[in-house]
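# Secondary and tertiary structure notes
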There are 2 protein chains.
Amino acid sequence: MKESSDPDLNRIDLKMLRALQRDGRISNADLAVEVGVSAATCHRRTQQLVEAGYVSGFRAVVAPHKVELGTLVLVGVVLDRSTPESFAAFESAVGKLKFVLDCHLVAGDFDYFLKIRVRDMADFNRLHGTQLIGLPGVRQTRTFFVMKEVVDGRALEF
Amino acid sequence: MKESSDPDLNRIDLKMLRALQRDGRISNADLAVEVGVSAATCHRRTQQLVEAGYVSGFRAVVAPHKVELGTLVLVGVVLDRSTPESFAAFESAVGKLKFVLDCHLVAGDFDYFLKIRVRDMADFNRLHGTQLIGLPGVRQTRTFFVMKEVVDGRALEF
DNA sequence: GCTCAGAATGAAAGAATCTTCCGATCCCGA
DNA sequence: TCGGGATCGGAAGATTCTTTCATTCTGAGC
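Not measured: the values here are computed from a predicted model. By convention here, each chain's residues receive numbers from 1 onward along its written sequence. Whichever chain is written first is A, and whichever ligand is written first is 1; the rest continue in order. In keeping with the predicted nature of the model, local features appear solely for residues at pLDDT of at least 70, side-chain atom pairs appear and are counted solely at 80 or more, and the whole-chain, interface and lining totals rest on all residues. Each side-chain value is worked out from all heavy atoms of the structure, with water and hydrogens disregarded.

### Some remarks on the relation of the copies chain B and chain A
Our superposition of the copies is a least-squares fit, built on the C-alpha atoms of residues whose pLDDT is at least 70 in both. Taken as rigid bodies, chain B and chain A are interconverted by a rotation of 180 degrees and an axial shift of 0.0 Å, the fit giving an RMSD of 0.0 Å. What the rotation and shift describe, once combined, is the action of a two-fold rotation axis. Among all residues of chain B, the one whose C-alpha sits closest to the rotation axis is B:Arg59, at a distance of 2.7 Å. Residue contacts are counted whenever heavy atoms from the two residues lie within 4.5 Å of one another. With an isologous cut-off of 70% or more, the 100% of interface residues of chain B that recur at the interface of chain A puts this contact in the isologous class.

### Side note on the protein's contact with DNA strand C
Close contacts around DNA strand C come from A:Ser27, A:Asn28, A:Ala29, A:Ala40, A:His43, B:Val37, B:Ser38, B:Ala40, B:Thr41, B:Arg44 and B:Arg45, and that covers them all. Throughout, the term near means that a residue has one or more heavy atoms lying within 4 Å of the molecule or strand in question. Counting only atoms of DNA strand C within 4 Å of the protein, the sugar-phosphate share comes to 67%. Pairs of N or O atoms are called polar contacts if they sit within 3.5 Å, as long as, within protein, a hydrogen donor faces a hydrogen acceptor (for residues adjacent in sequence, only side-chain-to-side-chain pairs). The backbone of A:Asn28 places a nitrogen or oxygen atom 2.6 Å from a phosphate oxygen of DNA strand C. Between a base nitrogen of DNA strand C and a side-chain N or O atom of B:Arg44, the distance comes to 3.3 Å. Examining the composition of the surface near DNA strand C, we find that 4 residues originate from one element, helix α3 (residues 39–51) of chain B, more than from any other. In this count, Pro and Cys sit with the nonpolar residues alongside Ala, Val, Leu, Ile, Met, Phe, Trp and Tyr, while Asp, Glu, Lys and Arg are called charged and the others, Gly among them, polar. Grouping the constituent residues of the surface near DNA strand C by class yields 4 nonpolar, 5 polar and 2 charged. A run of H or I in DSSP becomes a helix once it reaches four residues, and a run of E becomes a strand once it reaches two; helices and strands are each numbered from the N terminus.

### Quick word on the domain arrangement of chain A
Buried accessible area, meaning the area lost when the parts come together, often serves as the stated size of an interface. Each assigned domain of chain A is listed with its residue range as follows: domain 1 (11–51) and domain 2 (64–145). With centres defined by C-alpha atoms, the gap from domain 1 of chain A to domain 2 of chain A works out at 38 Å. The split into domains, and so the bounds of each, comes from an automatic or database assignment of domains.

### Structural notes on the interface of chain B and chain A
With 71 residues of chain B at the contact, the number on the chain A side is 71 residues. Once two parts are joined, some of their accessible surface, as seen by a 1.4 Å probe, is lost; buried area is that loss totalled over both. Carbon and sulfur atoms supply 57% of the area that chain B and chain A bury against each other, a total of about 6300 Å² over both sides. For the chain B face of the interface with chain A, the top three residues by lost area are B:Arg25, B:Arg59 and B:Arg154, together amounting to 12%. Salt bridges are identified by distance alone: a Lys or Arg side-chain nitrogen within 4 Å of an Asp or Glu carboxyl oxygen. Where chain B touches chain A, the interface holds 8 salt bridges. Across the pair A:Arg142 and B:Asp109 runs a salt bridge whose closest N-O atoms are separated by 2.3 Å. For the side of chain B that touches chain A, the secondary structure elements donating two or more residues are α1 (11–22), β1 (55–62), β2 (71–79), α4 (84–94), β3 (100–106), β4 (112–118) and β5 (138–151) of chain B. The leading source of residues in the side of chain B that touches chain A is β5(B), at 10 residues. DSSP bridges decide pairing: two strands pair if at least two such bridges lie between them. One ladder, built from 7 bridges, connects strand β1 (residues 55–62) of chain A with β1(B); its direction is antiparallel. Across the sheet, A:Val55 pairs through a bridge with B:Val62, a residue of β1(B).

### A word on the UniProt feature "domain: HTH asnC-type" (unreviewed entry) in chain A
UniProt positions are given in the numbering used here, feature names are shortened, and annotations may be inferred rather than shown by experiment. Mapped onto this numbering, the UniProt entry gives "domain: HTH asnC-type" (unreviewed entry) at residues 9–78 of chain A. Annotated as 47% helix and 23% strand, the span residues 9–78 of chain A places its first and last C-alpha atoms 40 Å apart.

### Some details on the side chain of A:Glu91
Looking at the secondary structure, you find A:Glu91 in helix α4 (residues 84–94). Burial classes: relative accessible area under 20% of the type maximum marks a residue as buried, over 50% as exposed, and values in between as partly exposed (1.4 Å probe, protein chains only). Its relative accessible area of 11% is what places A:Glu91 among the buried residues. Excluding residues within four positions of it along the chain, A:Glu91 makes contact with A:Tyr112, B:Lys148 and B:Val150.

Laid out in structure tokens, this is it:
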């Protein structure tokens, strides 16, 4: 397994990134021991990783089914026209929909692919009718209900 | 916007969950001020939220393009047979592939949908040939290269 | 309306951690 | 070998965490 060859990221930095990705709340002291540097150095490097944009933030991972968002749905979207204006309008509008976790412009049979979390199928059906098909330029959507989440949000391996 | 009606989650808990999802490293003292309770209470409630499974962990969010994983690909998979054994074999095998971030069993034209992160198209092509199509029971795959990540990994809204 | 038991709360203090300072070391090019 | 800049780790003050304990809140039962 080849590691990133970014010269700014040495072996210590990579270890720190992996550890922080696994446990974002690890104490600076523990992280220092784990990666084999002093607490002072560890603290400095961690700050640098954040400032340099390697770490874009720290988040608590909330269990979806515990907050009434246990139903996952994937939706393929086809737009009426393939113009930049059409894409921009769609993207702007979809960005405001809080239940859309992912939205990607793709090459293939669809224009966009959405990943959506809702309470249940009835909830999705309501949102689909009131929000999704009303998005600017939408010609058609194809819905894939998720029956089983085998892997969701796995950490990056680098 | 209706909030979760879980009796175990009161207004304070919800505020805490939202704050922790936004900033997993917020200090206990700051979080206490933000949600309007004492530091002691805040500390206790946070622990309870984790122990009760509302928070499944804390993570640093690593910028994919900074670690040579800037290319995102969605793949629809169709299996040979729709037997429980076939599904189980596929899921077990796909769970070992570290570059698969999401894997969901879906209803519709595909059996599974995968979300994959790789360095570039060449890297994907290599992995597709050596790993994906070799997964147990795979009849065909359809690849959707992501040309633009409009939204990726948005936080849950509850 | 009253009482009481259990749960939840906040102030406070000791323990642990963070964060900065500073002198020492390392690295590399001249 | 030398010099200069970058990096490092020890140490200590500042901050934060975490527990304790007395008080307050809540609601069931009478």
